[in-house]
Structures are given as C-alpha cells and as structure tokens.
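What follows is the residue order along each chain.
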Amino acid sequence: MKILWMLLSVWLLSTTTLAQSYKSGLEVMQAVQQRPRPQSSMATITLQISKGNQTLSRTLRSWNQGENSLIKFLAPADVRGSGMLSTQQNGVSEVRVFLPTLNVVQRLTGSNQGNPCEAAFFGSDFSYCDLAGPPIQGYSFALLSSSAGRYTVEAKATQAGPYDRLVFEIEAATLSITKTEYYQGSTLLKTLRVSEFMQVGGYRLPKTMVMQNHAQKSQSTFSQTEVQVDVRIADSVFTERFLRQP
Amino acid sequence: MTAWINWVIKHSLWVVVGFVLLTALLMTGASRIQLSSDSSVFQPDHHPLVSINQEIRQNFGSSENVIVLLGGDIFAPNTLQQLQTLNQRLEELPNTQRVTSLANLARLEQTEGQIVSRVMLGTPPTASQIAELRSYLQQQSSPLVSADGRYAVLIAEMRAGANPQSFGQAVADTVRKSWSGEVHMAGAPFIIAEVNRTIVNDLQVIGAVALGLILLFLFLNFGRLHGMLLPLVQVFFGLNLGLGLYGFTGAPAGQLTTIGIIAVLAVGSSFALHLLGRFYSELAQGRNKTQALVATFSHTAQGVVISALAIVVAMMTLWFSDIGQLRDVGTLIALGVAGTLASALVLLPALLNLLPAPKIKPQVPNAPVTGGLNRFLLGLARWVFAHRTATFGIAGVLVVFGLIGASRIEANTSFLSFFPKDSPTVKSIQKVDQVFGGSGSLALLLEGDVLQPQALAAMQRFATRAKNEIPGVGQAVSIADTVQTVNALFSGQRQLPQSREQAAQALLVYQSSVSSADLTRQLSLNQQQTLLTLPIPLRNTQETRRYYQQAQSLANEVFAGVLTVKVGGDSLSGLALEDALIHDFILSLSLAILLVVLVDSLVRSFRAAVITISSLLMTIVLQYGLLGWLGIDLDISTMLLGALAIGVGDYAIHLTVRYLEELKRGRTAQTALEQTLLTSGRSIVFTALTLGAGFAALSFSQLQPVASLGQLMVFTVLSVGVSSLSLLPAMSLQFLRPAKAAVPLNPQEEGL
C-alpha cells in the first residue's frame, strides 16, 4: 500500500536538478535517491494488464501521506467501492480491506503482504519493489557508460534477491530513470520503460510506466492522472469510516 | 555412370581433397545442432487437443512442476527440519518460482477480527507446532502428506521461460543431496531431464556399439582390413556431411536422433559393402584395378543409387507428418543417406584408385563352389528354382499370420512409455501417482460468466462427482475453491459468494499481492475463462483416453447450460500424438511405397520395381504382425518401422539388378539365378547382417521405444534378407525377363 506513496516520491525528479558529472554508479544512484520528494499526493491510477489478446483494466484513486495510504477502486463496476487502507502506528503496519458487497472491513496482518519484492501489485507485472524505485541497499553499482546525456548504471545484487542484476538508463540532465532491465542470471526477466513524464507542483513525475514481463509474455501499464502533490490530506481520510464511504 | 567413374579415376587426388574440404566446411553445421527433449516436439501441429492446450498456455501460462515424494517418519522433528532445509535449498535454485511443502505451509485464519496468514512450523519445529500441523492436515485432507504420515510431498514450481531439463536436473540433484531417506520424483521437468540424460548416454554407447558391430561384419565378409576401413572412412565422411547439412536446417537433436544416426551408419556401410564386394569380385576375375572400378561402378552403382534414392524418398515422406520430431528424423536420415551415397560414389572410388589394389585370390572358371555360405546359396537357388510355387505358398501363409498379428496392435504414446516398465524412473512416477493422487492432469477450460454463483457451484459439483465417479483421479482444483476460501474469511461462513460482485471482490483481495502469473493461473484476464485442474495418474494412452472420455462426459453433464467446456491438459498430448501417428503411419507408408516404385520404375522398369517392393511388403506385414503378436506398442519409434523397412530393406534391389544383368549376359534363368545368389546374394547376406548389427545396437538403448525399434529392425532386415533370397528369386523367375535381347555367353562363362 505504501508503494503508491513511494512511487510518487522516489520516481519523481525535481526540475531544479542541475546537470552534474558523477564518477561512479553509486554516486549517480545516490543522486537519484536524494532528489526532493513530495510530502503527500493524490492521484487517479489506471492499471492495465495485458497477456495474449486479453486485457484487464482497473481504475483506482489513491491518497498518500506520511506512512499512511489509501486506495479505492473506481472501476470495473463489480469491484467499485472496494478499498485498502494501510496505516502505521508505533512501527506496526496494518492493512484494512473493505468489500462493499459484504459491507465488511477486515484487518490483514503484515505477514499477508508477503515479500514485497516477490509479491506483485494487484496481479500486475510490477512487484512492490519495482514500484519502490531503484534499490541502494544490497547492491553494488558500476557506471557502464555516460554519454549522449545519459548514464547507464549496473546494479549487482550482493545478497540473494529476486533479481541478480539491474541495468538503469538515467537522463543526465534530470536524473530521471527512463528504463530499467531486470535480470536473473543472464536472463532478462522484465523491462520497465517510463514512456511519459509530467510536471506537477515542481516535480517531474512519471505519467505512464510500462513493464514488459518477458518470461510471462505479459505487459502492465501504470498511468496516473489528476495528480496533486504536497496538499494537506485530512487525517479522517485514513480511517475505516472513509474507507467504507462509496 | 561409366563416364563419371572414368572422370573420378582421372582426378582421384583432387576428388579426395575436394571431398574432404567440402565435408570439413559443411561439418561446421553440425555444431549448430541443439539437444532438445521437450515433450512438445512430439505434439502434432494440427489437432483439436493441441489447439486447446495452446489456448490454455496462452491465457493461463504453463506451470511446470517437479513433484517430489519424500519417505520417512514425516512428523519427527528432525525429519521436518530436514524438509525445511531442502525446501530452502530448492527455493534458492535460480529457476525456482516457488516451493510448496509442509515446511512453508501457511494457515489462513481469522483471529480477533484479523485475517492472518501464518507459517505453521518454526525453525526448529516445536512439539506443539507439529501437533497443530497434524491436526490441521487431518481436517484439510492435504495432499502434502500421505494419510499414514510416511511420505511428504514437495512441489517445486519452475519459473516461466526456464529450461525444464536443467531445472528438473537441478531439483533432482538437490533433493538427492539433501534428503537421506526414500525419494521419488515425477513431473514434466523431471521426466525431460531423465530422457535427456538417457539420450546423451545412448548417443555415446549405442553409436560405439553399432560401429563396432558393423566393422566386425564387414571384416567377416571381406576378411581384410582394406574392406573394413574403407567403408568406415566412407561412412564417416558421409555421415558428417549429412549431420552438417542437418545442422544448417536448424532442426534439433531429440529422442529419435539415435535411430537416425544408426540408420545412416548401417545403410551407408551397406553401400560400401555392395560396391567393394563387386570390386573384389572383378579383381578376382583377373581384371586390373581400373577395369574393376569401371565394371563395379557401371553395374553395381545403379543398385546403390536406386537403393539410396528409395531410402531418401521413403524418409522424405515423413515431411508430411504432423509431428515435428518425425519430420526432423526423416530429414536427418535423408541427408545422412544422401551424404553416404555421395561419399560412396565420389570418395570411395577415388580412394580405391589411389590405394594399391588388394591381393585377391583369382577365381578359376568352372571351379566348384567352395565355402559353406556359397554352397548354401547355390543350394537355395536350386531349391527355389524347383519349388517356386511352394515358396509363394509359404509367403502367403506368413502374410496371413502377419495380418492377424497386425490387427492386434495397440498404440501407446505416453511419455512414460519411453522407459522400461520396471525402470527406476517409472517406479518413481508410479509411487508419486499412488501417494499424491496423480502426477498428470486434465485441464477443463470453462468459458462463460465464470464468476456467477451457479458457475462456481458447478465447478465444486464437478470436483466432488469426479472424485466419486472416476476411480483413480485426485482432487480437482478450481477458482471456486479460491473464491470460497477468501469469501469465508470475510463472511465467516465457508460458502460460495451469493453474487458475481461478491466473487469479484473476494478475488480482488486474493489478487492484491499475487503476480500476473498467479492472477492468470486459474482465471483469464477478461474473467470469461477459467481452468479447472483434475489430477490423473500418468499411465498409458489407453487409460489416459479413458480418463479423458469420463471427464468429458461428466463435464458435459455438470456444466450443461451454465458454461461451455473444453477438456485439455498436457497429459492428453499423448492422445493427440497417437491420433497423428496413425494418420502419419498410413500416409508415410503408402507414399513411401509409391515413391520407391516410381523411382525404381524410372531407373529400371515398373515390373522390376513392383516385384522388389512386393517382397519388401511381405516383410513389413510380418514385422507389424510380430508387433501385434508380441504385444509391443505402436509408438513414435515403432511407427517408423514401415518407412524404415521400405528404405533400409531396399537392398533387395541388388538381387533383381544382378539377375537382369545375368540374363542380359545370356545366361539361362537357372544359372542366372545361381550366379545372382552367389554374388549379390552373398552381399545381401552380409548387408542384412551388417544392418542387423547396426540396429541391434539400438537394443542397448535405455529409451524403450528405441530399444523396441532396434529389436524389430533386426528382425526386419534379417527377414528382408530371407525374403530377398527366397521369395524375390521366385518372383524374379516368374515375372522378370531381360528388356533387351541377350548376348550369348561363351560356354566357359555359362558354367559355375
């Protein structure tokens, strides 16, 4: 759940970032991580999963602030009104799920979320880790090239994880990650492309991201519209009462 | 042919150099051949079951599992700890998607208003955790442990797109290293790994055995190193030429490649056998090396060319097969035989010309026939001449015997039939089937509004009735189970949702953290298709067909008016293969007969072609009769028997070629026959023995169909030999006349 918040904060890029020369892969990735990020956000997200000649499309509205986040499904009609609320109090995370047909809110414990790097975001080809942006911990970095206004950085896993290697393509001027390749051994598992960016509140945010899953031969598109950042969201939004509201 | 041999004699050195260089160049193609033992290579291109399976794979992905059965006192703390270690090691394998066993079994429960997913065993497991696990498993009737607690089941699921062979091998190695007790395995990656291991072993062992036996019979025939080594050189270059060309086609090596290579080895050496036999015979008659070469290649080469073309066209008929691997093996043998023919007609005469002529004992005209074999052949020729009607009668009786046997043939194309019935692999799979309730599965592709309550209820009704009404099947799994489990956590009642929306929302919770592969494992993205899986034991195709028909019938009844249903599943690939095989068998055999008659008619005469093929057909009828009488299954390998016999057995052609040649030279029918049997007959005996020895090597294969094919091909080439020396001479006497007026022989030549 917190992933939507992380998505908006980590994948963004401030327009004020100055072009600067970095000597190593680690320096580039640290610079990417250290960009300013919004304190809160609201957005309408369309998630489209395609495989073969079939497509599943879902639209949801998200609210993120601090450690709290909420999503509510707007479409398709059969899941409209369903929602998930993620909160954290005293270091303990809690997820509550509301299903309108049963008019029931259920709490899920953290263990239900599974390993965020293994679990996918609502059946899409994005894992929660993919959406969380580039990792720093558990990886060593190498700057493969820096030419034509673009850095290519390779991240190699130093401990067991879902990917052995990642290769990032980063715009030097904006420090935006435009493409990420995910490898297991020598096999290219997935490719993420940020196909479109947008300017919101002084931040450069990804508008559309496409994840191609080469192994599963499927593709997921994550698009966000009606994005607002750094707006104060009332605490009442992150409550069971608001979760139940249609 | 005479002009050709004269040209080769004139440019022998350059011919050898050019041929060796060309072969070396083309041999680079052989390095492109990849080993592939994927079961999909046996799937026909066009079959309703294959289309259903493709639709299932496209919409639901393919789930390849290795099912591991682990023996021991499963609920003992140290056994469970060993299981936890194994579970973890398998999870760490690079191509593992997930591992499911008691070690990571999670209990989904509702406690104090929360839904909790809790792994039941800690590390190390405590007595209370084990007691709770036992009690939970009894309530759930989980397939992860046998009822008596003596076997645990572990399922290792392969990551999509990974190589099943290397995954199966890695799982098998890890399990054997990590588990001290009894181990049994099943599942496609495991079987593929076993088949692959066997192919590699077969190619090394059988190739060496076949080569050794062929060389032995060549030495027994000619009694000299010259006659043994030259065919070896000829076959080596010819085979490599063929393999190189095969590599350039991009086709892989598979389960049937061993058969192809042995067939080329055996057939290729038979070319040299006939040519060298004639060459030595000409030298024995006092001709010098050049004269002997011209005589050999002007007369005997015709038979070799027709024989080779017959094999090539017989194998090319496999191109019309719907099964990729049969097309590939047809291509391999056709190219290999073409390569060995080229080597026999180009390299062999050039080498014979360059090497010093071997010392041959001169043949004295009118000298009495010596040697046991020669005396037998002469006696046989005289018996056939005197008893041709009796020969036809015996042949007729054998044909009837063969036809009755052929009517008893049963097909079995199960992947399991690749292994001997008492092999460790089969026993392992059977044990898994027995404890787990079926390592194979049927997949019911259900279409319609699958989330409607009545559709979900029908799925559960089908699962219950299948378990009760189809003996041997396991517990069916469907999306209804998932929906019911999640719905129960929210509603507090273990029941199916009351509306479509309720089902969709329950699924949304399930889908909140699963991957796209998990999402589409049971339900298509458009939610109009779902997959119901029914475990069935992996048996022969007849039993699988029975399960298929029973499941189809039950599904038609249960889902009538609710959902449309198509029954598929990888376990049914064998049925599709069986149907295609019968079609291919009839097509390839008929085409092979027609094409061989056509080729022979163009080179010689229609009458000679029909007579030669008739003799062959009798042996093919006998061959399939034997298959039926001995209860050997018709499978992917034994199906090849007919086309192989037509091609390989066409050495009978040499007999009619020689008989007509002798008639043309003015001999009477009786002396022509006697001379034919003493010359070509002798070559036919050794060709049959050499080919038989080559195919006998296949009997050492650990792949059951290859071994059966080897045994039957030995019978075939030997019976073609017997038929060529008895029935064919009788038919030749009855129906063959020289096309041109005979040139009278001088009295000295007439005698034997």
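*Asks:* Any details on the overall build of chain B? Residues and values, ideally.
*Replies:* When its secondary structure is counted, chain B shows 27 helices and 9 strands. Across its three principal directions, the C-alpha atoms of chain B cover 115 × 45 × 40 Å. Out of the 752 residues belonging to chain B, those deemed buried represent 59%. Across chain B, contacts joining residues at least 24 apart in sequence account for 82% of those joining residues at least 6 apart. For chain B, the exposed area adds up to about 28,800 Å²; of that, 59% sits on carbon and sulfur atoms. Across chain B, the 46 positively charged side chains and the 43 negatively charged ones have centroids separated by 13 Å.

*Asks:* Tell me about helix α6 (residues 164-178) of chain B, and name the residues and values.
*Replies:* All names here are of chain B. Along its 15 residues, α6 runs 21 Å from first to last C-alpha, staying within 8% of the 21 Å computed at 1.5 Å per residue. Residues of α6 that are buried include every one of Pro164, Phe167, Gly168, Val171, Ala172, Thr174, Val175 and Ser178, and no others. All buried residues of α6 fall inside an arc of 165° around its axis, so they share one side. At its buried positions, α6 is contacted by β1 (65-71), α4 (77-91), β2 (96-100), β5 (151-158), β6 (183-186) and α7 (188-222). N-capping of α6 is provided by Asn163, with a side-chain oxygen placed 2.8 Å from the backbone N of Gln165.

*Asks:* So what's going on with the sheet that holds strand β8 (residues 529-536) of chain B? Which residues, and what values?
*Replies:* Residue and element names in this part refer to chain B. Taken in spatial order, the 3 strands line up as β8-β7-β9 in an open sheet, and their pairing is antiparallel. Every other strand in the sheet has two partners, leaving β8 and β9 (564-568) as the edge strands with one partner each. Within the sheet, the average angular offset between the axes of one strand and its neighbour, ignoring direction, is 25°. As paired strands, strand β7 (residues 440-447) and β9 are joined by 5 bridges and run antiparallel to one another. Bridging from a neighbouring strand, Leu446 pairs with Val565 of β9. Packed onto the sheet, helix α3 (residues 48-60) meets β7, β8 and β9 and runs at close to 105° relative to β9. Of the strands in this sheet, β7, β8 and β9 are in contact with helix α19 (residues 541-558), which crosses β9 at around 170°.

*Asks:* Go over the packing of helix α1 (residues 2-10) of chain B against helix α10 (residues 289-316) of chain B with me, naming the residues and quoting the values.
*Replies:* The relative placement of two packed helices is expressed as an angle between their axes plus a distance between the axes. All names here are of chain B. At a minimum axis distance of 9 Å, the contact between α1 and α10 shows a crossing angle of 145°. Note that α1 runs across α10; the crossing there is right-handed. Taken together, the residues of α10 that come into contact with α1 (itself represented by Thr2, Ile5, Asn6 and Ile9) are Thr290, Leu293, Val294, Phe297 and Ser298. Of the residues contributing to the contact of α1 with α10, the split by class is 5 nonpolar, 4 polar and no charged.

Procedures and definitions
- Every chain is numbered on its own, with residues counted from 1 as its sequence reads.
- Written order decides the labels, with chains lettered from A and ligands numbered from 1.
- Local features in this predicted model are restricted to residues of pLDDT 70 or higher, and side-chain atom pairs are both shown and tallied only at a pLDDT of 80 or more, whereas totals for entire chains, interfaces and linings draw on every residue.
- To get the side-chain values, take all heavy atoms of the structure and skip hydrogens and water.
- Each helix is a run of H or I in the DSSP string that is no shorter than four residues. Each strand is a run of E no shorter than two, and both are numbered from the N terminus.
- Accessibility here uses a 1.4 Å probe with only protein chains present; expressed as a share of the type maximum, an area under 20% marks a residue as buried, one over 50% as exposed, and anything in between as partly exposed.
- Contacts: residue pairs with any heavy atoms within 4.5 Å of one another.
- Here the Shrake-Rupley method, with its probe set to 1.4 Å, supplies the accessible areas, and only the displayed protein chains count as covering residues.
- Here the positive residues are Lys and Arg and the negative ones are Asp and Glu; neither His nor the chain ends is included.
- To locate a charge, take atom NZ for lysine, CZ for arginine, CG for aspartate or CD for glutamate.
- Expected span of a helix: the number of residues minus one, times 1.5 Å.
- As used here, the arc is the angular range of directions from the helix axis to the C-beta atoms.
- For this analysis, a polar contact is any N or O atom pair within 3.5 Å, provided that within protein one partner can donate a hydrogen and the other can accept it, and provided that sequence-adjacent residues contribute only side-chain to side-chain pairs.
- Between any two strands, at least two bridges found by DSSP are needed for them to pair.
- Structural elements are reduced to axes, namely lines fitted to C-alpha atoms, with helices fitted over the stretch in contact, and the angle between N-to-C directions of any two is expressed from 0 to 180 degrees.
- Handedness of a crossing follows from how the near helix is turned relative to the far one, being left-handed for an anticlockwise turn of less than a right angle and right-handed for a clockwise one.
- For this classification, Asp, Glu, Lys and Arg are treated as charged, while Ala, Val, Leu, Ile, Met, Phe, Trp, Tyr, Cys and Pro are nonpolar and the rest, including Gly, are polar.

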